[in-house]
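Okay, here's what each chain looks like letter by letter:
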Amino acid sequence: MPDTPSPSPAASAPANALWGGRFAAGPAAIMQEINASIGFDRRMWRQDIAGSRAHATMLATQGVITEADRDAILTGLDQVASEIESGGFTFSTEREDIHMNVEARLIELIGDAGRRLHTGRSRNDQVALDVRLWVRDAIDALDVQIADCMRALVAQAAAHAATPMPGFTHLQIAQPTTFGHHMLAYVEMLARDRDRFADCRTRLNECPLGAAALAGTSFPIDRHATATALGFERPMANSLDAVSARDYAIEFMAAAANCAANLSRLAEEIVIWMSAPWRFVTLSDAFTTGSSIMPQKRNPDAAELVRAKTGRINGNLIALLTVMKGLALTYGKDMQEDKEPIFDTADSLALALAATAGMVRDLRPNAEAMRRWAGEGFATATDLADWLVRVLGLPFRNAHHVTGRLVAAAEAKGTDLAGLSLAEMQVAEPRITEDVFSVLTVEASLASRVSYGGTAPANVAAQAKAWHERLG
Ligand code: ARG
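Residues numbered from 1 in each chain as written. Predicted model: local features only at pLDDT ≥ 70, side-chain atom pairs only at ≥ 80, totals over all residues. Heavy atoms only, no water.

Engineer: Describe the overall build of the protein chain, listing the residues and the values that go with them.
Structural biologist: What the protein chain contains, in helices and strands, is 19 helices and six strands. Against the globule reference of 23 Å for 472 residues, the protein chain gives a C-alpha radius of gyration of 31 Å, more extended than a compact globule. Expressed along its principal axes, the backbone C-alpha trace of the protein chain runs to roughly 100 × 50 × 40 Å. Relative to all contacts within the protein chain whose residues are 6 or more apart in sequence, the contacts with residues 24 or more apart total 73%. (Helix = DSSP H or I, 4+ residues; strand = E, 2+ residues; numbered from the N terminus. Rg over C-alpha atoms; globule rule 2.2 N^0.38 Å. Contact = heavy atoms within 4.5 Å.)

Engineer: Lay out the environment of Asp143 with the relevant residues and their values.
Structural biologist: Relative to the assigned elements, Asp143 resides in helix 7 (residues 123-159). Among the residues examined, Asp143 registers a relative accessible area of 28% and is labelled partly exposed. As for Asp143 and Asp195, which are separated by 52 residues in sequence, their C-alpha atoms are 9.2 Å apart. (Buried < 20%, exposed > 50% of the residue type's maximum accessible area, 1.4 Å probe, protein only.)

Engineer: Could you give an account of the packing of aromatic side chains, with specific residues and numbers?
Structural biologist: Applying the stated rule across the entire model yields six aromatic pairs. One aromatic cluster is present, built from ring pairs that chain together Phe168, Trp278 and Phe280. Above the face of the Phe343 ring, Arg43 is positioned so that its terminal group lies 4.9 Å from the ring centre. Over the ring of Phe232 we find Arg136; its NZ or CZ atom is 4.7 Å from the centre of that ring. (Phe/Tyr/Trp six-rings, centres within 6.5 Å; stacked < 30°, edge-to-face > 60°. Lys NZ or Arg CZ within 6 Å of the ring centre and 35° of its normal.)

Engineer: Quick one: what's the story with the packing of helix 3 (residues 45-61) against helix 5 (residues 98-110), residue by residue and with numbers?
Structural biologist: Relative to each other, helix 3 and helix 5 sit at 55°, their axes nearing to 10 Å. Classified by the angle between their axes, helix 3 and helix 5 sit oblique to one another. For the crossing formed where helix 3 meets helix 5, the hand is right-handed. Only Ile98, His99 and Val102 of helix 5 make contact with helix 3, whose side of the interface consists of Trp45, Asp48 and Ile49. Its residues assigned to classes, the contact of helix 3 with helix 5 comprises four nonpolar, one polar and one charged. (Axes fitted to C-alpha atoms, helices over the stretch in contact; angles between N-to-C directions. Parallel < 35°, antiparallel > 145°, perpendicular 65-115°, else oblique. Left-handed = near helix turned anticlockwise from the far one by under 90°. Nonpolar A, V, L, I, M, F, W, Y, C, P; charged D, E, K, R; others polar.)

Engineer: Could you give me a rundown of the pattern of salt bridges, with the residues and numbers involved?
Structural biologist: According to the stated counting rule, one finds 29 salt bridges in the structure shown. A salt bridge links Arg46 to Glu85, with the nearest nitrogen and oxygen atoms 3.1 Å apart. Remark: Glu85 occurs in helix 4 (residues 67-86) and Arg46 occurs in helix 3; sequence separation between them is 39 residues. Glu85 sits in the exposed class, given a relative accessible area of 54%. The salt bridge partner of Glu268 is Arg307, with a shortest N-O separation of 2.5 Å. Placement of the pair is Glu268 in helix 11 (residues 247-274) and Arg307 in helix 12 (residues 301-324), with a sequence separation of 39 residues. Its relative accessible area of 30% is what places Glu268 among the partly exposed residues. Relative accessible area serves as the criterion here: at 31%, Arg307 is assigned to the partly exposed category. It is possible to trace a salt-bridge network through shared partners that takes in Glu83, Arg95, Arg105 and Glu108. (Salt bridge = Lys/Arg side-chain N within 4 Å of Asp/Glu carboxyl O.)

Engineer: Run through the packing of helix 7 against helix 8 (residues 179-204), naming residues and quoting values.
Structural biologist: Following both chains from N to C, one finds helix 7 and helix 8 inclined at 165°, their axes separated by 9 Å at the closest point. As far as their axial angle goes, helix 8 and helix 7 are roughly antiparallel. In terms of crossing hand, the pair formed by helix 7 and helix 8 is left-handed. Among the residues forming the contact of helix 7 with helix 8, the class breakdown is 20 nonpolar, two polar and eight charged.

Engineer: Summarise the site of the ligand; cite the residues concerned and give the values.
Structural biologist: Near the ligand you find Ser37, Asp41, Asp97, His99, Arg123, Asn124, Val127, Tyr331, Lys333, Gln336 and Lys339, and these make up its full shell. Within the side chain of Asp97, a nitrogen or oxygen atom sits 2.8 Å from a nitrogen atom of the ligand. Take Asn124: an N or O atom from its side chain is 2.9 Å from a nitrogen atom of the ligand. Contact with the protein chains hides 86% of the accessible area of the ligand, taken as 350 Å² for the molecule alone. Ranked by the residues each element gives to the shell around the ligand, the list is headed by helix 7, at three residues. For the shell around the ligand, a count of residues per class yields two nonpolar, four polar and five charged. (Near = heavy atom within 4 Å. Polar contact = N/O pair within 3.5 Å; in protein donor to acceptor, adjacent residues only side chain to side chain. Areas by Shrake-Rupley, 256 points an atom, 1.4 Å probe, with all protein chains shown as cover.)

So, in structure tokens, the structure goes:
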């Protein structure tokens, strides 16, 4: 820095009112631009005001400020909140962020009492608090949405507990399953997503407020009181950690990435199922778009976008992991870069969940097409092998071999397994009886899968009912 600052357009800008004591001049325009976060952190205004209310109330209880000052602060904060709520608040870049915008306006409104609010507090613990509260609120809202999505899946599962569809591995027809069973697989996945968010919420629910800049404060504050007032389990035990930690936000974004990945798998399946050669499901006009050139088209854009949201949600997680990596304790301005990824993750996942719930409710499974394909590709070959084990006592490996020969014979004959005659079957294994034909149908295969968690329609119906009751 030269001793005499060279004149720049911003050099004549007034010094910041909140720290002007040490500064003769204002920041360069580009400094202001890179430094300001008000463009995005204004979204935390409710959390910021809630934190200030708790702090002011506690300061008065502890005798650090007078009750009159507290009352003026609380009334002033109400005024600020209603100005922001009604759109009448002027957010200013000079005031850098939401914390200073709120505080400066409060001081404009109530004067000296407003200047006392920041006693025993710093923007470092303030921002740590606001982001934590914001993420906690986001988790609560996402939890409601995930549950809604699960309800939509459960309703389809209950309606289609016995609707056959081909089950796949390697996207090759493997064994018959039901559409309901398939829907319930996603219910289980989303239930784990909910658990992950809930687990993240439990760990993040400690209050950083009162850590002040980094080392705590000499004022007789009551951190337990503010923690309780703001719905936290306890204050964070280490002031340095309190202002530095963003691992909870990383956890939040990791849980979101997992959830987005699960949604994207369903989205991908919807895209496949919608494709004309499959026609397993249809979506109505409500969740599809047409083509500007090909009049026959019905495109699953919502599913494609749910699939694609995963990209930015994954990117956001990596962005914050990268910001935090190697960051020396305690606060660094780097951490201001946490907000946009966090907000974008919450927004993107909320949108993906809403679109998924909507699509699932809108889905009309095409039972006929799914039934036809459920029986294709020798899908009941395992049932035949199991019959050889159960009825003839063959070791499973031998049964697998015999069945393999029968599949080859059917393939050569251009038929499915049930299209072979008993005599043709007996070429591979002479002890096979007529009874084998009872397990070769899709329905028999489905009904036999009664093992816990299996695809038997009775199982699926029972699980759908249990989920319906759990979700309320
Ligand atoms: N806008 C800042 C952020 O988002 C608030 C904290 C600023 N603290 C500071 N010491 N400059 O991180």
